[in-house]
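# Structure at a glance
The chain contents come next:
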Amino acid sequence: MAPARLLTSILCLLLASCGATRHTTAPDVEELTRYVLVIEESSSGQVTHDWRPAKDFDLSRYGSLSGARAPHGRSAPVSCHQRDCDEENRECVRECMSRPLARGFGHMTTGNRGKGGKQVYCEHRCMQPYIDCKELQERRPQEFSAVDEAIDWLKHNRQMLLVGSVVIIAGIAFVTVSAGAGVVILAPAVLLAS
């Protein structure tokens, strides 16, 4: 009876250790520029991450990524400030409402409509800049002050990362150099530039 309990306990412990999430500790912030972050999804759906030394990767083939989207040379300026798209939209509508309408649009404020027609016109006129602002906010670099917070976000949002996307982790810019087939690889931008 005792050997069966012991064997059962050992098997339970072994089974629990096999099912545990694989976790690797992040290197110190000072060393982040020497590591590549690999996020993988296993066939069972479990997502793991691993910090691997950059020397194990041939990053020279990814060097052109930093200038791939830049219109003038190898780098493009990136605006990292947070825009308030809703406030910009309200300001656009206020400005439109404060100006007289162009010739041929006077019927929008006459009769029983009051300012309602003009309001609709201004909201429609300001909608595309609002949509553009929202889209730009989604594409701006993701910035995280803590490594663990970044890892968590990357694991949950790995499908939306495109090659060339920038993620800033603890002040270090990482570029997505490979994405797809269940694997996302992020390399420090400083290594791609050299």
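Residue numbering note: each chain is counted from 1, following its sequence as written. Where local features are concerned, this predicted model is filtered to residues with pLDDT of at least 70; where side-chain atom pairs are given and counted, the filter is 80 or more; whole-chain, interface and lining totals use all residues. Just so you know, side-chain values use all the structure's heavy atoms and leave hydrogens and water out.

### Re the overall build of the chain
Under the convention used in this document: Runs of E in the DSSP output that reach at least two residues are strands. Runs of H or I that reach at least four are helices, and both are numbered from the N terminus. Relative accessibility under 20% of the residue-type maximum defines a buried residue, over 50% an exposed one, and the middle range a partly exposed one, all with a 1.4 Å probe and only protein chains included. Here the open area of atoms and residues is found with the Shrake-Rupley method and a 1.4 Å probe, where only the protein chains shown may cover a residue.
If you tally the helices and strands in the chain, you get six helices and six strands. The linear arrangement of helices and strands in the chain, starting from the amino end, is α-β-β-α-α-α-β-α-β-β-β-α. Among the 194 residues that make up the chain, the fraction classed as buried is 29%. Accessible area for the chain stands at about 12900 Å²; split by element, carbon and sulfur atoms hold 56% of it.

### Comments concerning the state of the cysteines
For clarity, the cut-off: Disulfides are defined as pairs of cysteine sulfur atoms found within 2.5 Å of each other.
Scanning the model with the defined rule gives three disulfides in all. Disulfide partner of Cys 85: Cys 133, at an S-S distance of 2.1 Å. Between Cys 85 and Cys 133, the S-S dihedral sits near -80 degrees, and the bridge is therefore left-handed. Residue Cys 85 is found in helix H3 (residues 85–98), and its partner Cys 133 is found in helix H4 (residues 116–139); the two are separated by 48 residues along the sequence. The same class applies to Cys 85 as to Cys 133, namely buried. A sulfur-sulfur separation of 2.0 Å characterises the disulfide bridge that pairs Cys 92 with Cys 126.

### Side note on the confidence of the model for the chain
What counts is decided by this rule: Known as pLDDT, the predictor's confidence for each residue is given on a scale from 0 to 100. Residues count as neighbours in contact if any of their non-hydrogen atoms are within 4.5 Å of one another.
For the chain, mean pLDDT is 75; residues scoring 70 or higher make up 69% of the total. Of all helices and strands in the chain, the one with the weakest mean pLDDT is helix H2 (residues 65–68) (46), whereas H3 scores best (93). Here residues 18–23 is modelled with pLDDT under 50, and outside its nearest four sequence neighbours on either side it reaches seven contacts, counting other chains as well. Low pLDDT (under 50) marks residues 66–80, which in the prediction has 14 contacts with non-local residues, meaning those over four places away or in another chain.

### Let's talk about the side chain of Asp 50
To keep things clear, this is the line we draw: Side-chain atoms alone can form a polar contact between residues adjacent in sequence; in general such a contact is a pair of N or O atoms within 3.5 Å, and within protein one must be able to donate a hydrogen while the other accepts it.
By the secondary structure assignment, Asp 50 is in strand S2 (residues 47–53). Judged by its relative accessible area of 13%, Asp 50 is buried. One polar contact links Asp 50 to Arg 52, side chain to side chain, over a distance of 3.0 Å.

### Some thoughts on the nonpolar core
Here is the rule: Residues belong to one nonpolar core when they are buried, are Ala, Val, Leu, Ile, Met, Phe, Trp, Tyr or Cys, and are joined through side-chain atoms within 4.5 Å.
Residues Leu 37, Leu 154, Ile 169 and Leu 186 are the most contacted members of the largest nonpolar core, which totals 18 residues. For this core, the elements supplying multiple residues, two or more each, are strand S1 (35–41), S2, helix H5 (147–156), strand S4 (166–169), strand S5 (172–180) and strand S6 (183–188). Among the elements that line this core, the one with the most residues is H5, at five residues. Each residue touching Leu 154, except ones within four places of it in the same chain, is listed here: Leu 37, Ile 39, Leu 161, Val 167, Ile 169 and Leu 186. Core analysis: the next-biggest nonpolar cluster, separate from the first, contains nine residues, Val 36, Val 38, Ala 54 and Val 175 among them.

### Remarks on the pairing of S5
To keep it simple, the criterion reads: The pairing criterion is simple: DSSP has to find at least two bridges between the two strands.
As paired elements, S4 and S5 share four bridges and run antiparallel to each other. Bridge pairing links Ile 169 to Ile 172 in S5. Taken together, S4 and the strand that follows it, S5, pair antiparallel across an intervening segment of two residues, in which Ala 170 is found at a positive phi of about 50 degrees. Two elements, S5 and S6, share six bridges in a ladder whose sense is antiparallel. Its bridge partner lying in S6, Thr 176 is registered against Leu 186.

### Things to note about the pattern of salt bridges
Our working definition: Salt bridge, as used here, is a side-chain nitrogen of Lys or Arg placed within 4 Å of a carboxyl oxygen of Asp or Glu.
Per the counting criterion, the structure on display carries eight salt bridges. The partner of Glu 40 in a salt bridge is Arg 52, with the nearest N and O atoms 3.2 Å apart. On the criterion of sequence distance, the pair formed by Glu 40 in strand S1 and Arg 52 in strand S2 is long-range, its members being 12 residues apart. Overall, the relative accessible area of 29% leaves Glu 40 in the partly exposed class. Classification of Arg 52 by relative accessible area gives partly exposed; the value is 27%. With a shortest N-O distance of 3.1 Å, Glu 41 and Arg 158 are connected by a salt bridge. You can see Glu 41 sitting in strand S1 and its partner Arg 158 sitting in the loop between H5 and S4, a full 117 residues away along the chain. By relative accessible area, Arg 158 is classed as buried at 13%. Through salt bridges with shared partners, a single network forms among Glu 87, Arg 90, Glu 91 and Arg 94.

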